[in-house]
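Coordinates in review
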Amino acid sequence: PSTGESPFDDSHNAAAQTACDSQDAAVATPTREWAAALGLAHLITNGGETPRHVWGQTIDTVHILVPVARHTRAREIDCKFNRLKLALRVGNEARIAGDLSFPVTVDECTWEIEEAGCLHVTLVKENCTRECSTSGFEWWPAPFQDDPAIDVSECAVGNDLRELPGHTKTAMERAMWDEKNKTPEERAADEELRKASAQMAKDAANMEASRERAMMDPKKKAVFEMMREKFPDIPVEFR
């Protein structure tokens, strides 16, 4: 007599579960279409695509969308923010590690799992922090120095200016006009200045890291403290 059970039920269920697990473990390709399908197209305006992520920006923030497996949990994310660097690990895999194009306000940078399969990293531009006395206007050509650069002359503010105080809005509008009307020579000079500033910041970070390593050696630490006391105005670098 028939029991109503198929001899193929177990294998069918196992195959279905395997297919489901494979789908959960799959990582999408970072494209504008992928972001739009998740309802996140508003985060990637004024940005671009790379093999690692898609990104966009406003006048004061940079948004980076990184594909991850659908089952990824917050405890698997290790995201370290530095003023000029970002390092992101998902589980045991290093997903992003590089030098940022411009400095960020570290305490205001965040990350979250925006949708199943999407990690959203938000960087706050240091030069556009509204509380900063030296706040200004800048479009990033790319989040990282080794990313493909976009044409920042095509970036648009949209409705962002409505959220700014009157005096800041006026300054932003003036900066936008100046940026749009720059000559090729001025743009080239700006790029050289950006590279020089990034190199200076990188050298300063390397010097600080070198000093921290040297402080682990009691003899070097004693020499450093002695020289700092006698020559407080002279920078000391250990290698």
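Residues numbered from 1 in each chain as written. Predicted model: local features only at pLDDT ≥ 70, side-chain atom pairs only at ≥ 80, totals over all residues. Heavy atoms only, no water.

On to the overall build of the chain. Helix and strand content of the chain: 5 helices and 8 strands. Element order for the chain, N to C, with α for helix and β for strand: α-α-β-β-β-β-β-β-β-β-α-α-α. Each of the 239 residues in the chain was classed as buried or not, and the buried ones make up 34%. The long-range fraction of contacts in the chain, counting pairs at least 24 apart against all pairs at least 6 apart in sequence, stands at 51%. Taken as a whole, the chain presents about 15,000 Å² of accessible surface, with 53% of it coming from carbon and sulfur. (Helix = DSSP H or I, 4+ residues; strand = E, 2+ residues; numbered from the N terminus. Buried < 20%, exposed > 50% of the residue type's maximum accessible area, 1.4 Å probe, protein only. Contact = heavy atoms within 4.5 Å. Areas by Shrake-Rupley, 256 points an atom, 1.4 Å probe, with all protein chains shown as cover.)

Let us now look at the packing of aromatic side chains. One pass over the full model with this rule turns up 1 aromatic pair. Across from the ring centre of Phe144, 5.3 Å away, lies the NZ or CZ of Arg52, which sits over that ring. (Phe/Tyr/Trp six-rings, centres within 6.5 Å; stacked < 30°, edge-to-face > 60°. Lys NZ or Arg CZ within 6 Å of the ring centre and 35° of its normal.)

This paragraph deals with the environment of Asn181. Mapped onto the fold, Asn181 is located in the loop between helix H3 (166-180) and helix H4 (184-214). Asn181 gets classed as partly exposed once you look at its relative accessible area, which sits at 44%. Residues Asn181 and Ser153, 28 residues apart in the sequence, show an inter-C-alpha distance of 8.8 Å.

Let's shift gears to a nonpolar patch on the surface. A cluster of nonpolar residues, Val223, Met226, Met227, Phe231 and Ile234, forms a patch on the protein surface that exposes about 430 Å² of accessible area. By the element assignment, Phe231 lies in the segment after helix H5 (218-230). (Patch = residues over 30% accessible without salt bridge, like charges linked within 9 Å, V, L, I, M, F, W, Y side chains within 5 Å. Salt bridge = Lys/Arg side-chain N within 4 Å of Asp/Glu carboxyl O.)

Strands pair in a sheet through their backbones, by hydrogen bonds, and they do so in one of two ways: parallel or antiparallel. Strands sit in the order E4-E5-E6 across an open sheet of 3 strands; the sheet is antiparallel. Unpaired on one side and paired on the other, strand E4 (77-81) and strand E6 (93-99) mark the two borders of the sheet. The average angle at which neighbouring strand axes cross in this sheet is 5°, direction not considered. In the sheet, E4 pairs with strand E5 (residues 85-90) via 5 bridges, with the strands oriented antiparallel. Opposite Cys79, over in E5, you have Leu88 as the bridge partner. (Pairing = 2+ DSSP bridges. Axes fitted to C-alpha atoms, helices over the stretch in contact; angles between N-to-C directions.)

Moving on, we get to the sheet that holds strand E3 (residues 61-67). The strand order E1-E2-E3-E8-E7 describes an open sheet built from 5 strands, whose pairing is antiparallel. A single partner strand is all that each edge strand has here, and the edge strands are strand E1 (48-49) and strand E7 (110-115). Two elements, strand E2 (residues 54-57) and E3, share 4 bridges in a ladder whose sense is antiparallel. Within E3, the residue paired with Trp55 across the bridge is Ile64.

Here His63 lies in strand E3. Residue His63 is classed as buried on the basis of its relative accessible area, which comes to 11%. Only 3.3 Å separates the side chain of His63 from the side chain of Thr61, close enough to count as a polar contact. Setting aside anything within four residues of it in sequence, one finds His63 in contact with Leu43, Val54, Trp55, Gly56, His120, Val121 and Thr122. (Polar contact = N/O pair within 3.5 Å; in protein donor to acceptor, adjacent residues only side chain to side chain.)

What follows is about the nonpolar core. As a rule of thumb, soluble globular proteins bury nonpolar side chains together. With 20 residues, the main nonpolar core has Ile64, Leu86, Leu88 and Leu123 as its most contacted residues. Elements represented by at least two residues in this core include exactly E3, E4, E5 and strand E8 (118-124). Excluding residues within four positions of it along the chain, Ile64 makes contact with His53, Val54, Trp55, Leu86, Ile96, Leu119, His120, Val121, Leu123, Pro143 and Phe144. (Core = buried A, V, L, I, M, F, W, Y, C linked by side-chain atoms within 4.5 Å.)

Side chains of E2 alternate between two faces, with Val54 and Gly56 and Trp55 and Gln57 buried alike. The pairing of E1 with E2 spans 2 bridges and is antiparallel. What sits directly across from Gly48, in E2, is Trp55. Between E1 and E2, which pair antiparallel in sequence order, lie 4 residues.

This part covers the pairing of E7. Judged from the 5 bridges that link them, E7 and E8 form a sheet pairing that is antiparallel. For Ile113, the partnering residue across the bridge sits in E8 and is Leu119. Connecting E7 to the next strand, E8, in antiparallel fashion are 2 residues, including Gly117 with a positive phi near 95°.

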